[in-house]
2 protein chains.
Amino acid sequence: MNEVKIIEVKQSVFAHNDMDAAALRKELKEKGIFLINLMSSPGSGKTTTLTKLINMLKDKMKIAVMEADIDSDVDTRTIAERTGVKAIQLHTGGMCHLDAEMTRQGIEGLDAGDADLVILENVGNLVCPAEFDTGASRNVTILSVPEGHDKPLKYPLMYQVCDLVVINKIDVMPYFDFDLEKCREYVKMRNPEAAFIPVSAKTGEGIEELAAWVEKEVKAWKEA
Amino acid sequence: MNEVKIIEVKQSVFAHNDMDAAALRKELKEKGIFLINLMSSPGSGKTTTLTKLINMLKDKMKIAVMEADIDSDVDTRTIAERTGVKAIQLHTGGMCHLDAEMTRQGIEGLDAGDADLVILENVGNLVCPAEFDTGASRNVTILSVPEGHDKPLKYPLMYQVCDLVVINKIDVMPYFDFDLEKCREYVKMRNPEAAFIPVSAKTGEGIEELAAWVEKEVKAWKEA
């Protein structure tokens, strides 16, 4: 896999990102594309989790991926090589998040008219991506065990806007002071409606439950 | 320790943060305050590393700490309780970084006229803090082992602006696919001048070397 498609996305010229996001969400609904916006800190395991999730779902639905990064295309190569699904790179040119217009440029560049599920891997950042609606149908965040269970206290908005909180790297729980029940409680404090799924992208534990959550949400969205 | 001093910092009204940062740096030099701007992803161990570092240095120089967070005061409580040095909380009101004006408000609120060393723990974020000169004498970033050795490839600016890269959580190296030499090489690629110190804030390994680096830099800065 030598040719990674790279799109240099530009920030929205519209002042009203929320309106733009709502319009994109409506268009995607008409096209039958369910868009997941996946957010987290750098290094919490977005790409590895995605790889496992996609391999579990790819026979059931057509999937495509947009990898946003300030620089580099390592994640797009990883996804393409390990899953075989269509993946493109969005270069944000130093921007710390994606907005709806950048996401739209990505969707157009991806040319994913026949996809059932598009996953946007946002820039690794717990702050700014939470502030910008990308037009996604669902927001998901990953918190990894080594980061500590106090993150919902420190980065409230990220947890408020997400429909699902995935706790990753549970295989290394014995080596860290991570209290899973306290974490669940902090997440609930920020967002009582959010789902909460502990996984290990490395060992595969919990990925089945994660895949089931995605299938259930796609079904609910189609019927809505 | 029940009373954490919290300052709600406001973004600069000046368009030219760089000018403002240069002015603050000059003022701090006149006051004899060496300011370190400590940056990293959320959960890479800034507060734990600081605690160990301060306990090693506090008999040699007068230290004070400013903890920037979007919300919560957990880090300020931790620092104050575990080191006894003066620590205040800067609330950024949702902002993803500190600029020079916010740092100035912090320095004023800290009332640290007699401090030799002030450490600013920036918001946990590998992107935005790198873009804003705070007026600090030195920039330091922490990368923790669980985040992966590829971070200098993905977040170039952070590594370009830092004088020192601390690799934290080396005690868990056996449980992660982290290549220390590759990481050193990637850091060098971004910034050939940056120092590189592996530590474990948990076990204390490497903290002595880190403290020696700080002492050396304070000395060089005083003589400059």
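Remember, it's a predicted structure, so these values are computed and weren't measured experimentally.

**Student:** Could you clarify how one ought to interpret the overall build of chain A in this entry?
**Tutor:** Helix and strand counts for chain A come out as 8 helices and 8 strands. A compact globule built from 224 residues should have a C-alpha radius of gyration of about 17 Å, and chain A, at 16 Å, falls within 12% of that. The principal-axis extents of the C-alpha atoms in chain A amount to approximately 45 × 40 × 40 Å. Every one of the 224 residues in chain A was classed for burial, and the buried ones make up 62%. Within chain A, residue pairs in contact and separated by at least 24 positions form 76% of the contacts whose partners lie at least 6 positions apart. About 9,000 Å² of surface is accessible on chain A, with carbon and sulfur atoms providing 50% of the total. Side-chain charges of chain A comprise 27 positive and 37 negative groups, with the mean position of each set lying 2 Å from the other.

**Student:** What is the right way to look at the packing of aromatic side chains in this model?
**Tutor:** For any pair of aromatic rings, the description rests on two quantities: the centre-to-centre distance and the angle between the ring planes. By the definition in use, this model includes 4 aromatic pairs over all chains. Ring centres of F176 of chain A and F176 of chain B lie 6.4 Å apart, and the angle between their planes is 75°; on these two criteria the pair is classed as edge-to-face. Of the two residues, F176 of chain A sits in the loop between β7 (164-168) and α7 (180-190) while F176 of chain B sits in the loop between β7 (164-168) and α7 (180-190), which places them in two different chains. On the basis of relative accessible area, F176 of chain A is assigned to the buried category, the value being 15%. On the basis of an interplanar angle of 70° and a centroid distance of 5.2 Å, the ring pair of F34 of chain B and W221 of chain B is categorised as edge-to-face. Of this pair, F34 of chain B sits in strand β2 (residues 34-40) while W221 of chain B sits in helix α8 (residues 207-223), and the two are 187 residues apart along the sequence. Take F34 of chain B and W221 of chain B: they sit in the same class, and that class is buried.

**Student:** Before we go on, may I ask you to explain the interface of chain B and chain A in this structure?
**Tutor:** In this assembly, 32 residues from chain B lie in contact with 32 residues from chain A. Buried area between chain B and chain A, summed over both chains or domains, comes out near 2,500 Å², and the portion from carbon and sulfur atoms is 60%. Sorting the residues of chain B by area buried against chain A places P42, K154 and Y175 of chain B first, and these three jointly supply 23% of that buried surface. The interface formed by chain B and chain A includes 2 salt bridges. Residues D75 of chain A and K154 of chain B are paired through a salt bridge, measuring 2.9 Å at the closest nitrogen-oxygen approach.

The rules we used
- Residues numbered from 1 in each chain as written.
- Chains lettered and ligands numbered in written order.
- Predicted model: local features only at pLDDT ≥ 70, side-chain atom pairs only at ≥ 80, totals over all residues.
- Heavy atoms only, no water.
- Helix = DSSP H or I, 4+ residues; strand = E, 2+ residues; numbered from the N terminus.
- Rg over C-alpha atoms; globule rule 2.2 N^0.38 Å.
- Buried < 20%, exposed > 50% of the residue type's maximum accessible area, 1.4 Å probe, protein only.
- Contact = heavy atoms within 4.5 Å.
- Areas by Shrake-Rupley, 256 points an atom, 1.4 Å probe, with all protein chains shown as cover.
- Lys, Arg positive; Asp, Glu negative; His and termini not counted.
- Charge placed at Lys NZ, Arg CZ, Asp CG, Glu CD.
- Phe/Tyr/Trp six-rings, centres within 6.5 Å; stacked < 30°, edge-to-face > 60°.
- Buried area = accessible area lost by both parts, 1.4 Å probe.
- Salt bridge = Lys/Arg side-chain N within 4 Å of Asp/Glu carboxyl O.

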